[in-house]
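If you want the building blocks of each chain, they are given just below.
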Amino acid sequence: MEENQRLEGMVKDIKVYMDLFQNEPNTGSVDFSEIISDVLRRLKEEGTNGRVEIVISIEKDATLLKGDRHELTHLFYYLIQNSMEAAGTDNPKITITSELDSDSPHYVRIVIFNTGEVPKEKVENLFSPFFSTKLKGTGFGLPIAQVVVRKHLGRLEIKPLPGKGTSVIVSLPKAAS
């Protein structure tokens, strides 16, 4: 039964992945904090968040993103879901922060840190479809996230922090105030 669920999830993820290539983003001003609230609510309903401690720190000047709400919701759903699953078993924790990007002042820098560790040698494969480090993974969460970030002219990086965890760093255009 678990294999059926994994395959159903893979089919759903492949559809999302393909739809992203076929549709142009409907760009507008999107409140990042609302997306995070919606995503966390959905993950809780799905039973994904389990016993993971979640800390959120969003700067007042770094809440509005320029983008497609639907696509950005997919982006943060997959990044947070992946972080929850990768957070480890010993005091799992996720920290979500946003701030103005010091390298690009018209961008918002969002960091999703989790206490799980990904081996450095696997980082380059994480954005390849069908590649997963998880037994029940579909291998499409991070490729979907990467497509959304590219469509929004942003940047996405996974940074292993040995002995601490892993940071996912996303930089996206800031909406005009």
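Structure: above.
Predicted model, so just to flag it, every value in this text is computed and none were measured.

**Observations regarding the sheet that holds strand β6 (residues 155-161)**
Consider a sheet: its strands pair through backbone hydrogen bonds, and that pairing is either parallel or antiparallel.
Phase 1: Strand order in this open sheet of five strands is β2-β4-β5-β7-β6, and the pairing throughout is mixed. In this open sheet, the two edge strands, each paired with only one partner strand, are β2 (53-58) and β6. Across this sheet, the average inter-strand angle for adjacent strands is 15 degrees, counted without regard to direction.
Phase 2: Where β2 meets strand β4 (residues 93-100), six bridges bridge the pair, whose relative direction is parallel. Paired with E53 across the two strands is K93, which belongs to β4.
Phase 3: Sheet strands touched by helix α2 (residues 32-46): β2, β4 and β5 (107-114). Its angle to β2, the strand with the most contacts, is close to 170 degrees.

**Thoughts on the packing of aromatic side chains**
Phase 1: Counted by the stated rule, this structure contains two aromatic pairs.
Phase 2: Taking 5.1 Å as the distance between ring centres and 70 degrees as the angle between the ring planes, the aromatic pair formed by F32 and F76 counts as edge-to-face. With F32 in helix α2 and F76 in helix α3 (residues 69-86), this residue pair connects regions lying 44 residues apart in the sequence. Taken as a pair, F32 and F76 share a single burial class, namely buried.
Phase 3: Summarising the aromatic geometry, the rings of Y77 and Y78 are spaced 5.2 Å apart at their centres and angled 85 degrees between planes, so their arrangement reads as edge-to-face.

What counts as what
Residues numbered from 1 in each chain as written. Predicted model: local features only at pLDDT ≥ 70, side-chain atom pairs only at ≥ 80, totals over all residues. Heavy atoms only, no water. Pairing = 2+ DSSP bridges. Helix = DSSP H or I, 4+ residues; strand = E, 2+ residues; numbered from the N terminus. Axes fitted to C-alpha atoms, helices over the stretch in contact; angles between N-to-C directions. Contact = heavy atoms within 4.5 Å. Phe/Tyr/Trp six-rings, centres within 6.5 Å; stacked < 30°, edge-to-face > 60°. Buried < 20%, exposed > 50% of the residue type's maximum accessible area, 1.4 Å probe, protein only.

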